[in-house]
Amino acid sequence: MKIINNENTFSILFFLILFIIIYFVNFFVGSAIFERTVTNLFIYIILVVGLQVFMGNSGILSFAHIGFMSIGAYSSGLLSMPIKMKGFVLRDLYPIFENVAFDPILSILIGGIFTAIIAAILTLPLMRLNDAAAVISSFALLMVIHSIVVGWSAVTNGPRTFFGLPKATTLEIALIFSFLTVIFAFIYKNSKFGLLLRASRDNDIAAESIGANIVYLRWFAIIASAFLAGIAGGLWGHFITSFSPKSFYLKETFLVISMIIIGGSFTVTGAIAGALLVTIGYEFLRWTEKVIKFSDVITFEFIGLTEIVLSITIIIFLITKPKGLFPFKEIGDTINKIIKKE
Amino acid sequence: MKLSCEKITVDFVGLRALDQVSLSVKTKEILGLIGPNGSGKTTLLNTIGGQLKPTKGNIFKDNLDITEFTPQHRVKNGLARSFQIVRTFDSLNVFENIKSASLVSNMNYSDKIKFCDEIISYLNLDRIKHVLANTLNYGDRRRVEIARAMATDPDFLLLDEPAAGMNDDESEILLTMLREIPNKFNLGILIIDHDMSLIMKLCDRLHVLDSGKTIAEGLVDQVKTHPDVVKAYLGEGFKNENA
Ligand SMILES: Nc1ncnc2c1ncn2[C@@H]1O[C@H](COP(=O)(O)OP(=O)(O)O)[C@@H](O)[C@H]1O
Ligand SMILES: [Mg+2]
């Protein structure tokens, strides 16, 4: 299967250059707050591009993604947490975990694999479902994962904060994982599996008639997607170093879904653009909220502006540009066309 | 090679859509399946393609009973089809539509691509090779569907009204293309169409259905003058004029 064509190479190169530019902009700005935002952005790109792998190619909206992220965050944290912290944070921890403290990056990778295995087990029966049934069952899956995380105090510290993770995720590490994710997403999309899954997204009956096994194609995609969500969770956990089940629920789910809807779920370019634009918008709104709060223009407490604006933006997009900013064409297709013309 | 249906019966709620229909097609042969609207032609094609399970009866590819096979499994056994209601992959371009179908075949990758290109130029799709399917006109979409079915490298091609929605020139061109396919690609064709002049010119044999029952079968000239066929078609023409 030839998967590296011109268009793909151009897309991947474009994002490599973009990521490097972002990196250097951060370097010259030299502010800790800015660096924090940029690192978060790269983690969100892994998350949204990972979601694109399943949702974009299969056409099925999935709410479970942030649930997978939490599995990656907690499982990698459990492995990497220093031994003396463990006695402190997790009083009822099972003895086998008491004396392990792996390297954080290794823990993040194992967390991703663990998430993929859990996804493989949980999602196979769901892969037959279409449309509303598929969406609702993915939502149910998010609730199941959330409930388990809240309830399983021995390894998660329950609804309380899970803290004491080593701060291992740097901007550079987030950038590298992010770029590898982008390469994977492009290769997958143009592989045999990606092409057949996209065919089934457009017309399931016709896809079966050319030999596509839709259940397995979707299953493979959601396993890969969950792996990436798990990695993103692990990276985020080792960046923020303390979190609770609340960090992985409806608000965050809505955020990634809005990123992919605004950018366009059919394309990797769209997923990245969505993550970028929503992050910029989010930071701008947060700043506005703060300015309003301290300026005494409005005397009552002004919270939730960000959520309102994000919700309205999504509604506007769903009405006017339901397939997002990049509905079908990747950035590389456009570059290829421009180059050919000259 | 031979594809055969034996005594296929299909019951829908309150309706027997097919009643003990048997037919067979051989390699390099073109069999026309005709009959008035609602006579069960598409239903028969769906049972052969695996989109629908027959209530009774069996389908054989040579001596292999494929009645219980899934559609995916049937493609691997050499059956490919197009649909009466077009089902192109609309967000993929023409080449990707066809390439996706070639993935099941046993060829190696570069042969697959060569084969796709051969089909594309045979069906005159070169000009629109990189165009998204959702921007194509009806006639082009129908040819993309035929090309897609052919890309699976089938032994039998099942076509459900491939000329529907085409103008006279387009269907004339399609006719010439279809005529040569069995020999050029070494396969058999089972084709449904309501355009009688196209069917008469194209097919070696005809099989006529009316209300789910076989009313005639045989060589084109024999069937054309068969009293039941004349009656069924006059009846339909009469109905259409009053509609
Ligand atoms: N899925 C279905 N459920 C119920 N009735 C059906 C279904 N599909 C077809 N029919 C009925 O079966 C009969 C045969 O339909 P069809 O095979 O589409 O006819 P044709 O292709 O010859 O025009 C028609 O009366 C049609 O209404
Ligand atoms: Mg029909």
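Placed above this text is the structure.
Quick notes on the rules
Residues numbered from 1 in each chain as written. Chains lettered and ligands numbered in written order. Predicted model: local features only at pLDDT ≥ 70, side-chain atom pairs only at ≥ 80, totals over all residues. Heavy atoms only, no water. Phe/Tyr/Trp six-rings, centres within 6.5 Å; stacked < 30°, edge-to-face > 60°. Helix = DSSP H or I, 4+ residues; strand = E, 2+ residues; numbered from the N terminus. Buried < 20%, exposed > 50% of the residue type's maximum accessible area, 1.4 Å probe, protein only. Lys NZ or Arg CZ within 6 Å of the ring centre and 35° of its normal. Salt bridge = Lys/Arg side-chain N within 4 Å of Asp/Glu carboxyl O. Donors = N, O, S within 2.8 Å, 3.2 Å for Na, K, Ca; no water. Contact = heavy atoms within 4.5 Å. Buried area = accessible area lost by both parts, 1.4 Å probe. Polar contact = N/O pair within 3.5 Å; in protein donor to acceptor, adjacent residues only side chain to side chain. Nonpolar A, V, L, I, M, F, W, Y, C, P; charged D, E, K, R; others polar. Near = heavy atom within 4 Å.

Draft legend 1. Main features of the packing of aromatic side chains. All names here are of chain A. By the definition in use, this model includes 24 aromatic pairs over all chains. Considering the side-chain rings of phenylalanine 19 and phenylalanine 42, the 5.0 Å spacing of their centres and the 70 degrees angle between planes classify their relative orientation as edge-to-face. Within this pair, whereas phenylalanine 19 is found in helix 1 (residues 6–29), its partner phenylalanine 42 is found in helix 2 (residues 32–58), the two being separated by 23 residues in sequence. For phenylalanine 19, a relative accessible area of 0% puts it in the buried group. Phenylalanine 42 gets classed as buried once you look at its relative accessible area, which sits at 0%. Plain terms: the ring middles of phenylalanine 27 and phenylalanine 28 are 5.5 Å apart, the flat faces sit at 85 degrees to each other, and that makes the pair edge-to-face. Comparing phenylalanine 27 with phenylalanine 28 shows no difference in burial state: the two are exposed. Ring-pair connections join several aromatic residues into one group, and the members of that group are Tyr74, Phe162, Trp236, Phe243 and Phe248. In this structure, arginine 201 packs its charged tip against the face of phenylalanine 266, placed 3.6 Å from the ring centre.

Draft legend 2. A look at the pattern of salt bridges. This structure, assessed with the given rule, holds 17 salt bridges over all chains. With a shortest N-O distance of 3.4 Å, aspartate 202 of chain A and arginine 201 of chain A are connected by a salt bridge. Residue classification places aspartate 202 of chain A among the partly exposed positions, given a relative accessible area of 23%. The partner of aspartate 90 of chain B in a salt bridge is arginine 141 of chain B, with the nearest N and O atoms 3.8 Å apart. Pair noted here: aspartate 90 of chain B is in the loop between strand 6 (79–81) and helix 3 (94–102) and arginine 141 of chain B is in helix 5 (residues 138–151), with a separation of 51 residues, a long-range link. The class of arginine 141 of chain B is buried, set by a relative accessible area of 14%. When salt bridges with common partners are traced through the structure, they connect Asp11, Arg16, Asp19 and Lys213 of chain B into a single cluster.

Draft legend 3. Fine view of the coordination of the magnesium ion (ligand 2). Donor atoms from the polypeptide that coordinate the magnesium ion (ligand 2) comprise Thr42 of chain B (OG1) and Gln84 of chain B (OE1), at 2.0 to 2.1 Å from the metal. In this pair, threonine 42 of chain B sits in helix 1 (residues 41–49) while glutamine 84 of chain B sits in the loop between strand 6 and helix 3, placing the two residues 42 residues apart along the sequence.

Draft legend 4. Main features of the interface of chain A and chain B. Across the contact, 21 residues belong to chain A and 24 residues belong to chain B. Together, the buried faces of chain A and chain B total about 2000 Å²; carbon and sulfur atoms form 65% of this surface. When residues of chain A are sorted by the area they lose upon contact with chain B, Leu195, Ser209 and Ile210 of chain A head the list and together hold 28% of the total. Across the contact surface, chain A and chain B share 1 salt bridge. A salt bridge links arginine 198 of chain A to glutamate 96 of chain B; the nearest nitrogen and oxygen atoms lie 3.9 Å apart. Counting the contacts that link chain A with chain B gives 4 residue pairs in polar contact (both at pLDDT 80 or more). Counting residues per element, the side of chain A that touches chain B draws most heavily on helix 10 (residues 192–202) of chain A, at 7 residues. Its residues placed into classes, the side of chain A that touches chain B shows 11 nonpolar, 4 polar and 6 charged.

Draft legend 5. How the structure looks around the site of ligand 1. Residue and element names in this part refer to chain B. Near ligand 1 the following residues occur: Phe12, Leu15, Ala17, Pro36, Asn37, Gly38, Ser39, Gly40, Lys41, Thr42 and Thr43. Between an oxygen atom of ligand 1 and a main-chain N or O atom of lysine 41, the distance comes to 2.9 Å. In this structure, an oxygen atom belonging to ligand 1 sits 2.7 Å away from a side-chain N or O atom of threonine 42. Looking at the shell around ligand 1, the elements that each hand over two or more residues are strand 2 (15–26) and helix 1. With 3 residues, helix 1 is the single largest residue contributor to the shell around ligand 1.

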